[in-house]
Amino acid sequence: MSNLLETPIEYLKGVGPARGELLRKEMGIHKYADLVNLFPNRYIDRTRYYKINELRNTNAEVQIVGRVIHIKTVEQKKGKRLVATFSDETGEMELVWFQGQKWIRENLKLNTVYVIFGKCTAFNGQFNMAHPEMELLAEHQQNLRSAMQPVYPSTEKLTQRGLTNRVVNKMMQQLFVETHALFVETLPVAILDELKLIPKNVALFNIHFPKSPDLLAKAQFRLKFEELFFIQLQLITKNLIRKNKIKGHPFEKVGDYFTSFYNNHLPFDLTNAQKRVLKEIRNDMGNPAQMNRLLQGDVGSGKTIVALMSMLLALDNGFQACLMAPTEILANQHFIGLSELAKPLNINIQLLTGSTKTASRKIIHEELENGSLNIIIGTHALLEDKVKFHNLGLAIIDEQHRFGVEQRSKLWKKNEIPPHVLVMTATPIPRTLAMSLYGDLDISVIDELPPGRKPIQTVHRYDANRLKVWKFIRDEIGKGRQIYIVYPLIDVSEKMDYKDLMDGYESISRDFPLPKYSVSIVHGKMKPAEKDSEMQRFSQGKTNIMVATTVIEVGVNVPNASVMIIESAERFGLSQLHQLRGRVGRGAEQSYCILMTGHKLSNDSKIRMETMTRTNDGFEIAEVDLKLRGPGDLMGTQQSGILNLKIADIVKDKDILQLARHHAVKLLKEDPSMVKPEHLTLRNVFIQISKKQNIWNYIS
Ligand code: ADP
Ligand code: MG
């Protein structure tokens, strides 16, 4: 049986070499097995018949009974097309062909009743259907009609060359005839029983030829589960291999640095979430395997202190640690903040960025190499070949979405035994999704904000209400608060954006004139030193308003700033809006975020504004974002194979994903190498899939 499924697709009756070639090139269908795993995108109701006067311009697929009463060829500059007038007792419409005109002309029967099927569009007040599927009514009635007729994924070329949905459907029928629908079960009996899953062959039959809505639902569930289950098996296996293969430095002891800091110098009590996360990190680093952990925590959840204490553990065990940030501003802030916190501990902490002077840079390089420098904080400058460590034990990367996997690995290739890696991100990804996407990372989540934070109040205002917004700003400044005003600058090279920013800055400077007010500006075209000094002026309270681009998106910490105004907010993505909002709400005062937009908003923009004003919860926002954008933009998804899913949808099917994860973990706990007799088929399928997807290639 399994051999039969390996048969090249052109041997299927009705396919042949030409169609076989098309299927291979267009759809990646090489053999029987590929065709049976071509799952319908959706199902349409072919029991419903429309009248021509019921048609609406919805672009939906409809089925109509009627006759062709006239047919003609229309010559145009662009080429010929064939146009037929199709009529029923309620009206007339046009059928149009651009391809295969000769065949249609010769075979189409005038004044005979047909059932036509396809997408209707309106043009010049008349409906038309291009390349309809057509069947004589007599034939149509002989065929068994299911209320759920599958629609298969297709390409323009396939349709053009006559490989329509109906043809694919026929091929599928033929395939089931030739194979007798004997498909081998791939899941272990225990799982089938526990989850009451229908057998593989029943599932495949019903996904292509649904006998009832109920069976279709069961078939979909079973096949989605199976797909996600095998991906989870691979991700988890890969993680196990990494843990066994990649050596790391075991940090065996908790020493003076950590203990003294914890007992005497912590500026506040840790939240329970921070404690839990620290414990997870400590456990990991205590093992002789390399830690590869993602630390997720919403903006302001307190990741920095966790980073510091993790670095202290490295120091306690005689190692160096580094912290890498995506921008100079951020690296600077970390340096200032961490030096302050660690002051009583007598640690040598330094900053290394692109603007570090040659003389100091030289000293830093030396001290890193001879081991007298304990903690280095910096930007990409840390990745340069000249930077050599005496013994780097822990590398922390802040805001990882700015760094690629390659850069990460560059950092840890600097040593024979790689350092433990902790990646901190404030762009939350729904937990189940994160687990299934980054099977190679362990995940810690700080899911609790420090106590006493007042939730930020967020409102949406139209540009027309600007005067009121300005009055609000004056009031807040009057109370001693500071204000951010952020402009979109997607790309520094975009002249329009830059002009908007400068115009904005000028008009704000006019509306908030010296000497009563003072306004700072920071943007990507400024030199790092300039940027830095403007940031300093603002954070020291010397200016009231900071006009900026998304340069300030990450990490900036000015607790006295209580208002965040986002201009052209409709141009920002949800996670970016949330990040920006996180710049305020860091002090004891009530903070506000004002989203300014024009009047015309797309549906998606409306949802984004509505979501932002409704919730402050980064995870909830991430879920909405994911629904709006799909998983395409998520980091790492390109490699993980999770995007090439055939039937499941990681966003819509996240419950099934969780279930699959749970069962994969359980199975591998009992039988890590899948060698038990009852896991024999499972193992074979697993090996086949792994070979095909080359999943071993992307270990970071
Ligand atoms: P993020 O996770 O966004 O990097 P930070 O580490 O910058 O957050 O912390 C945000 C602010 O909260 C800082 O001012 C920090 O000192 C403060 N903070 C962190 N943890 C606590 C805590 N447990 N209790 C009180 N304040 C805290
Ligand atoms: Mg931070």
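About the criteria used
Residues numbered from 1 in each chain as written. Chains lettered and ligands numbered in written order. Predicted model: local features only at pLDDT ≥ 70, side-chain atom pairs only at ≥ 80, totals over all residues. Heavy atoms only, no water. UniProt positions renumbered as here; feature names shortened; annotations may be inferred. Pairing = 2+ DSSP bridges. Helix = DSSP H or I, 4+ residues; strand = E, 2+ residues; numbered from the N terminus. Axes fitted to C-alpha atoms, helices over the stretch in contact; angles between N-to-C directions. Contact = heavy atoms within 4.5 Å. Near = heavy atom within 4 Å. Polar contact = N/O pair within 3.5 Å; in protein donor to acceptor, adjacent residues only side chain to side chain. Areas by Shrake-Rupley, 256 points an atom, 1.4 Å probe, with all protein chains shown as cover. Nonpolar A, V, L, I, M, F, W, Y, C, P; charged D, E, K, R; others polar. Core = buried A, V, L, I, M, F, W, Y, C linked by side-chain atoms within 4.5 Å. Buried < 20%, exposed > 50% of the residue type's maximum accessible area, 1.4 Å probe, protein only.

By the naming in an unreviewed UniProt entry, the chain goes by ATP-dependent DNA helicase RecG and is assigned to Flavobacterium macacae. As its UniProt record puts it under Sequence similarities (unreviewed entry), the chain is described as follows: "Belongs to the helicase family. RecG subfamily."

Caption draft 1: Broad picture of the sheet that holds strand β12 (residues 375-378). Across the sheet, 7 strands lie side by side as β11-β12-β10-β13-β14-β9-β15; this open sheet has parallel pairing. In the strand order of this sheet, the two ends are held by β11 (349-352) and β15 (442-446), each with one partner. Averaged over all pairs of adjacent strands, the angle between their axes in this sheet comes to 20°, without regard to strand direction. Packed onto the sheet, helix α12 (residues 272-285) meets β9 (292-297), β13 (392-398), β14 (420-425) and β15 and runs at close to 160° relative to β15.

Caption draft 2: Representation of the site of ligand 1 within the structure. As a structural note, the neighbourhood of ligand 1 is formed by 16 residues, with Asp-269, Gly-300, Lys-303, Thr-304 and Arg-453 the closest of them. One of the side-chain N or O atoms of Gln-274 is found 2.9 Å from a nitrogen atom in ligand 1. In the environment of ligand 1, an oxygen atom lies 3.1 Å from a nitrogen or oxygen atom belonging to the backbone of Gly-302. Protein burial of ligand 1: of its 560 Å² of free accessible surface, 78% is covered by the chains. Partitioned by chemical class, the residues of the shell around ligand 1 number 4 nonpolar, 7 polar and 5 charged.

Caption draft 3: Expanded view of the side chain of His-679. With respect to the element layout, His-679 can be found in the loop between α25 (654-670) and α26 (680-693). Beyond its immediate sequence surroundings of up to four residues, His-679 is in contact with Pro-188, Leu-667, Asp-671 and Met-674.

Caption draft 4: Structural context of the side chain of Arg-583. Structurally, Arg-583 is set in the loop between α21 (574-581) and β21 (592-597). Polar contacts involving the side chain of Arg-583 include one to the main-chain carbonyl oxygen of Gln-579, which spans 3.5 Å.

Caption draft 5: Expanded view of the nonpolar core. Membership of the largest hydrophobic core comes to 40 residues, with the highest contact counts inside it found for Val-306, Met-311, Leu-312, Ile-347, Ile-375, Leu-394 and Ile-396. Tallying contributions element by element places helix α13 (residues 303-316) first for this core, with 10 residues. Ile-396 has contacts with Ala-307, Met-311, Cys-322, Leu-323, Met-324, Leu-422 and Met-424, leaving out every residue within four places of it along the chain. Ile-29, Tyr-43, Tyr-152 and Leu-175 belong to the second-largest nonpolar core, a separate cluster that totals 35 residues.

Caption draft 6: The pairing of strand β3 (residues 79-88), seen in detail. Burial within β3 is extensive, with 7 of its 10 residues counted as buried. Relative to β3, strand β2 (residues 61-76) runs antiparallel, the two being bridged by 9 bridges. Opposite Val-68, over in β3, you have Phe-86 as the bridge partner. Counted between consecutive antiparallel strands, the loop separating β2 from β3 contains 2 residues.

Caption draft 7: How the structure looks around the sheet that holds β21. On the basis of which strands lie adjacent, the open sheet formed by 6 strands has the order β16-β21-β20-β17-β19-β18 and parallel pairing. Because the sheet does not close on itself, it has two edges, and the strands there are β16 (457-462) and β18 (519-522). Each strand axis lies, on average, 20° off the axis of its neighbour in the sheet, ignoring direction. Two elements, strand β17 (residues 482-486) and strand β20 (residues 561-566), share 5 bridges in a ladder whose sense is parallel. By the bridge assignment, Val-486 is partnered in β20 with Ile-566. Sheet contacts for helix α22 (residues 603-614): β16 and β21; angle to β16, the most-contacted strand, approximately 150°.

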